[in-house]
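Notes for the structure review
Read off the chains here:
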Amino acid sequence: MGASFCGGTRILTTRGRVRVEKLRLTDQVLTLQHGILPIRWIGQRVYGRHFARLSPNSIPVKIQAHAIDDGVPSRDLFLSPLHNLFIDGILVPAETLLNGSTITRCEEMDPIAYYNIEMPVHAVVLAEDMPAESYIDRGDRAMFMNSTSSGVRDEMPSQGWKTCAPILQSGPLVDRIRARIALRAGITEPEIMERPQGGPLSGKVEWVDRAVLSGWAWLPDHPDVPVVLEVMDKGTIVAVTVADQFRSDLRRAGIGNGHHAFHVELPRPLDPREPHELTVRRAADGKTLNGCPFSFSAIAPSSALTDLDLAAMIEEADLPETLRVLEWLERQAVKLHARMVAIDPANSTTAPETVITRNRPGPRPRPVPRLSGSKLARM
């Protein structure tokens with residue numbers, strides 16, 4: 001079975017999140033690269049569980065809510081094993097990400113109702129806030145019960161389509177994605193470590209702050225093998241990455257083929273109120289990169305706040321945005337006053353009054369999730 005969503009999956013459209021089986025040819029779908037696109041054809045297919053047991057590619061994959069990142073997907077997502085997900089700028093089949101924990105096969109579903117939507121171009125739609133591909137004709141259209149039922153479909157090209165992103169089933173990029181998902185699930189990813197990782201280790205952490213680390217790592221004895229790295233904070237793994245990004249300066253310096261850089265954004269920035277000690281080490285044996293560890297002292301809240309110039313930060317903001325900042329400051333003032341009362345009730349002043357009582361902006365519409373590589377990298 002080709003790429004398909006299970007019945008009940010909500011697709012983001014101009015009229016909100018709509019169950020895939022309730023979509024109409026008149027609907028407009030929000031896509032990541034192409035904006036709003038019309039639906040040209042909706043394919044559907046139903047399998048019984050007994051048939052699915054004879055055809056493993058028909059058994060859906062279940063991706064638990066938040067398995068990829070916070071809110072991605074926003075609730076459990078069910079789709080066919082060969083349906084490609086858009087992560088870190090590439091398309092990855094769902095079955096490639098199976099980990100036995102947060103991404104598994106769903107063998108109990110019966111019947112299995114599959115749907116997919118075709119648009120003028122191959123695109124990335126948001127299914128339960130998870131970026132996933134739309135339908136592209138790979139010669140499997142006849143597998144849908146209504147493969148010839150749409151007059152609109154006859155206007156569509158059936159050959160020569162280009163995918164909206166590269167499709168990868170293996171390699172360093174896929175390894176890195178699997179490693180991040182495994183870290184979120186609290187499991188190890190043994191397949192990533194099957195490649196040789198031993199011998200001398202060269203590399204350096206070139207930039208580090210409370211949210212981002214970058215640098216390079218290289219195995220002279222295995223120059224074509226990317227290094228799997230762990231980021232540690234006081235002995236606890238907080239991120240996993242693969243040093244496989246290309247930098248021309250590394251290649252000019254004779255460091256392998258240049259594909260040995262890394263850039264990792266921590267899933268959560270380090271709390272400035274606590275001390276931290278960051279170390280980047282080889283996952284295979286714990287050998288650290290040059291320059292480690294990096295220490296961060298705790299910063300008192302008053303010291304951190306005095307460095308902020310809020311007026312300058314919102315100087316070019318419009319009125320609604322300025323009001324939102326002021327409302328946030330008022331809420332913080334109320335919390336601080338409550339804290340002051342708890343510490344010293346006798347000397348506490350009167351609680352701050354709310355000064356913004358009218359001309360409030362209306363509720364902000366729920367934004368379309370921005371699921372770039374940087375965000376998925378924080379998985």
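Definitions and cut-offs
- Residues numbered from 1 in each chain as written.
- Predicted model: local features only at pLDDT ≥ 70, side-chain atom pairs only at ≥ 80, totals over all residues.
- Heavy atoms only, no water.
- Helix = DSSP H or I, 4+ residues; strand = E, 2+ residues; numbered from the N terminus.
- Buried < 20%, exposed > 50% of the residue type's maximum accessible area, 1.4 Å probe, protein only.
- Contact = heavy atoms within 4.5 Å.
- Areas by Shrake-Rupley, 256 points an atom, 1.4 Å probe, with all protein chains shown as cover.
- Expected span 1.5 Å × (residues − 1).
- pLDDT = per-residue confidence, 0-100.
- Pairing = 2+ DSSP bridges.
- Axes fitted to C-alpha atoms, helices over the stretch in contact; angles between N-to-C directions.
- Patch = residues over 30% accessible without salt bridge, like charges linked within 9 Å, V, L, I, M, F, W, Y side chains within 5 Å.
- Salt bridge = Lys/Arg side-chain N within 4 Å of Asp/Glu carboxyl O.
- Core = buried A, V, L, I, M, F, W, Y, C linked by side-chain atoms within 4.5 Å.

Some thoughts on the overall build of the protein
Along the protein, the regular secondary structure elements total 7 helices and 22 strands. Looking at the 379 residues of the protein, the share that counts as buried comes to 42%. In the protein, the share of contacts with a sequence separation of at least 24, taken over all contacts with a separation of at least 6, comes to 65%. Element-wise, carbon and sulfur atoms account for 53% of the exposed surface of the protein, whose accessible area totals about 19,500 Å².

Considerations on helix 6 (residues 319-343)
Structural remark: α-helix, 3.6 residues per turn; residues separated by three or four positions point the same way. Taking 1.5 Å of rise per residue, 25 residues should cover 36 Å, and helix 6 covers 36 Å from first to last C-alpha, within 8% of that figure. Within the sequence span of helix 6, burial applies to Leu323, Val325, Glu327, Glu330 and His337.

Looking at the confidence of the model for the protein
Parts of the model with low pLDDT should not have their predicted coordinates read in detail. When pLDDT is averaged along the protein, the result is 79, and 76% of the positions lie at 70 or above. Within the model, the stretch residues 151-159 combines pLDDT values under 50 with 14 contacts to residues more than four positions away or in other chains. In the model, residues 355-379 has pLDDT below 50 throughout and makes 53 contacts with residues more than four positions away in sequence or in other chains.

Notes on the sheet that holds strand 19 (residues 245-246)
Each strand in a sheet pairs with another by means of backbone hydrogen bonds, the pair being arranged parallel or else antiparallel. Taken together, 4 strands build an open sheet; the order of strands is 15-16-20-19 and the sheet is antiparallel. The open sheet has two edge strands, strand 15 (202-208) and strand 19, and neither has a second partner. Two elements, strand 16 (residues 212-218) and strand 20 (residues 259-265), share 5 bridges in a ladder whose sense is antiparallel. Each bridged residue has a counterpart across the sheet, and for Gly215 the counterpart in strand 20 is Phe262.

Some words on the sheet that holds strand 22 (residues 294-296)
Reading across the sheet, the 4 strands line up as 18-17-21-22 and stay open at both edges, with antiparallel pairing between neighbours. Edge positions in the open sheet fall to strand 18 (236-243) and strand 22, since each of these has one partner strand only. Mean inter-strand twist for the sheet, computed between neighbouring axes without regard to direction, equals 20°. With 5 bridges joining them, strand 17 (residues 227-233) and strand 21 (residues 276-282) adopt antiparallel strand pairing. For Leu229, the partnering residue across the bridge sits in strand 21 and is Arg282.

Let's talk about a nonpolar patch on the surface
Taken together, the side chains of Leu326, Trp328 and Leu329 make up a nonpolar region of the molecular surface, amounting to roughly 250 Å² of accessible area. As for its position among the elements, Leu326 is in helix 6. By relative accessible area, which is 36% here, Leu326 ends up partly exposed.

So, the pairing of strand 10 (residues 90-93)
Side chains Ile90 and Val92 project from strand 10 onto one buried face, and the interleaved Leu91 and Pro93 project onto a second face that is buried too. Connecting strand 9 (residues 84-87) to the antiparallel partner strand 10 that follows it, the hairpin turn spans 2 residues, and Asp88 within it adopts a positive phi of roughly 55°.

Some points on unusual backbone geometry
Here the bond from Val72 into Pro73 is cis, since omega is -10°, no more than 30 degrees from zero. Summarising the element assignment, Pro73 is placed in the loop between strand 7 (61-63) and strand 8 (77-79). Backbone torsion omega between Cys292 and Pro293 reads 0°, so that peptide bond is classified as cis. Along the chain, Pro293 turns up in the loop between strand 21 and strand 22. Residues other than glycine seldom take positive phi values, yet Glu128 does so here, at roughly 55°. Position of Glu128 among the secondary structure elements: in the loop between strand 13 (124-127) and strand 14 (130-133). Exposure remark for Glu128: the relative accessible area of 2% places this residue in the buried category. One non-glycine residue with positive phi stands out, namely Asp129, at about 70°. For Asp129, the location among the structural elements is in the loop between strand 13 and strand 14.

Remarks on the nonpolar core
Core analysis: the largest hydrophobic core is formed by 35 residues, its most contacted members being Ile11 and Ile63. Listing elements by their share of this core, those giving two or more residues are strand 7, strand 8, strand 9, strand 10, strand 12 (112-118), strand 13, strand 14 and helix 2 (172-185). Beyond its immediate stretch of four places on either side in the chain, Ile63 contacts Ile68, Pro73, Arg75, Asp76, Leu77, Leu79, Leu85, Thr102 and Ile103. Residues Val205, Ala217, Ala243 and Leu266 belong to the second largest nonpolar core, which totals 21 residues.

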